[in-house]
Amino acid sequence: CVACMDRYARFDALELGCKREGDATHHAYCRACLIDLFKASLSDTTLFPPRCCGVHILLSTCVHLFPPDLVQQYKQKEVELATPNPTYCSNRYCAKFIQPEDLMADVATCSACNASTCIMCKNPRHKGLCPEDPTVQMLMDVAREKRWQRCYRCRTMVELLVGCYHM
């Protein structure tokens, strides 16, 4: 094993296709070191995906050496890092990544704690329009320009065409 430098049987190690110049054998990782490498990549995204000599170590090549829960965690991390603008739970005690299938309209529901998060502002779900939504900001710009106002009670946008200023 290139990490711990111990000898292992071939069935309990993963032989890779890389090696240093002058080395007679290709690099290999024992089961324990490989598991440690993959677990470290889950907590430190700079190590994701795990690699040796700059070459990515594919999960499919070493899945037979891993416990099922590590394989599941790795696949979830792949989805998280591949998701553009990921949403995390707004509950600060949870803060887990919310899977794309748990997003509906502009609300994300955490499968771990069931909290609802606004996708636009990443804060807890709120009623009405999200102030961080770019289309809402454009509407507010037009409203200021046209001198529209919002009802203080229901927050609906209104325009005064005729009549007095009392609502």
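What you are looking at is a predicted structure, and each value in this text was computed from that prediction instead of being measured.

Caption draft 1: Representation of the layout of surface pockets within the structure. Of the pockets and cavities examined, the largest pocket occupies roughly 550 Å³. Cys-1, Thr-25, His-26, His-27 and Ala-28 are the residues nearest the centre of the largest pocket, which is lined by 17 residues in total. A per-element tally of the lining of the largest pocket places strand E1 (residues 13-15) first, with three residues. Its residues assigned to classes, the lining of the largest pocket shows eight nonpolar, three polar and six charged.

Caption draft 2: Representation of the environment of Val-63 within the structure. Note that Val-63 resides in the loop between helix H2 (59-62) and helix H3 (68-82). Each C-alpha atom, one on Val-63 and one on Tyr-88, is 28 Å from the other, the two residues being 25 residues apart in sequence.

Caption draft 3: The nonpolar core, seen in detail. Ranked by internal contacts, the top residues of the largest apolar core, which has 21 residues, are Tyr-29, Leu-34, Phe-38, Ile-57, Cys-62 and Phe-66. Counting residues per element, this core draws most heavily on helix H1 (residues 31-43), which supplies five residues. Of all hydrophobic cores here, the second largest spans seven residues; its members include Cys-94, Cys-110, Ala-115 and Ile-119.

Caption draft 4: Spotlight on the packing of aromatic side chains. Considering all chains together, one arrives at four aromatic pairs under this definition. Residues Phe-38 and Tyr-74 carry aromatic rings whose centres are separated by 5.2 Å and whose planes lie at 50° to one another, so their mutual orientation is tilted. Of this pair, Phe-38 sits in helix H1 while Tyr-74 is found in helix H3, placing the two residues 36 residues apart along the sequence. These aromatic residues form a ring-pair network of at least three members: Phe-38, Phe-48, Phe-66 and Tyr-74.

Caption draft 5: Spotlight on the domain arrangement of the protein. When the domains of the protein are assigned, the result is domain 1 (1-82), domain 2 (84-128) and domain 3 (133-166). Taking only C-alpha atoms into account, the centre of domain 1 sits 58 Å from that of domain 3.

The rules we used
- What you see as residue numbers is a count from 1 along each chain, following the sequence as written.
- Two thresholds apply to this predicted model, a pLDDT of at least 70 for residue-level local features and 80 or more for giving and counting side-chain atom pairs, whereas whole-chain, interface and lining totals are computed over all residues.
- Heavy atoms throughout the structure, all of them, feed into the side-chain values; hydrogens and water do not.
- For cavity detection a 1 Å grid was placed over the protein atoms alone, and a set of points counts as a cavity when a 1.4 Å probe fits there but cannot get out; an open set counts as a pocket when protein lies on both sides within 12 Å along at least five of seven lines, with lining residues being those that have an atom within 4 Å of a point.
- Grid points are joined across faces, edges and corners, and a volume is the space filled by probe spheres set on the points.
- Strands here mean DSSP runs of E at least two residues long; helices mean DSSP runs of H or I at least four residues long; both are numbered from the N terminus.
- Any residue that is not Ala, Val, Leu, Ile, Met, Phe, Trp, Tyr, Cys, Pro, Asp, Glu, Lys or Arg is counted as polar, Gly included; the first ten are nonpolar and the last four charged.
- The set of buried Ala, Val, Leu, Ile, Met, Phe, Trp, Tyr and Cys residues whose side-chain atoms join them within 4.5 Å is what this entry labels a nonpolar core.
- Partly exposed residues are those whose accessible area sits between 20% and 50% of the maximum for their type, while under 20% is buried and over 50% is exposed, using a 1.4 Å probe and protein chains only.
- In this analysis, rings of Phe, Tyr and Trp, with Trp reduced to its six-membered ring, are considered paired at centre separations within 6.5 Å, and the interplanar angle assigns stacked below 30 degrees, edge-to-face beyond 60, and tilted for intermediate values.
- The split of the chain into domains comes from an automatic or database domain assignment.

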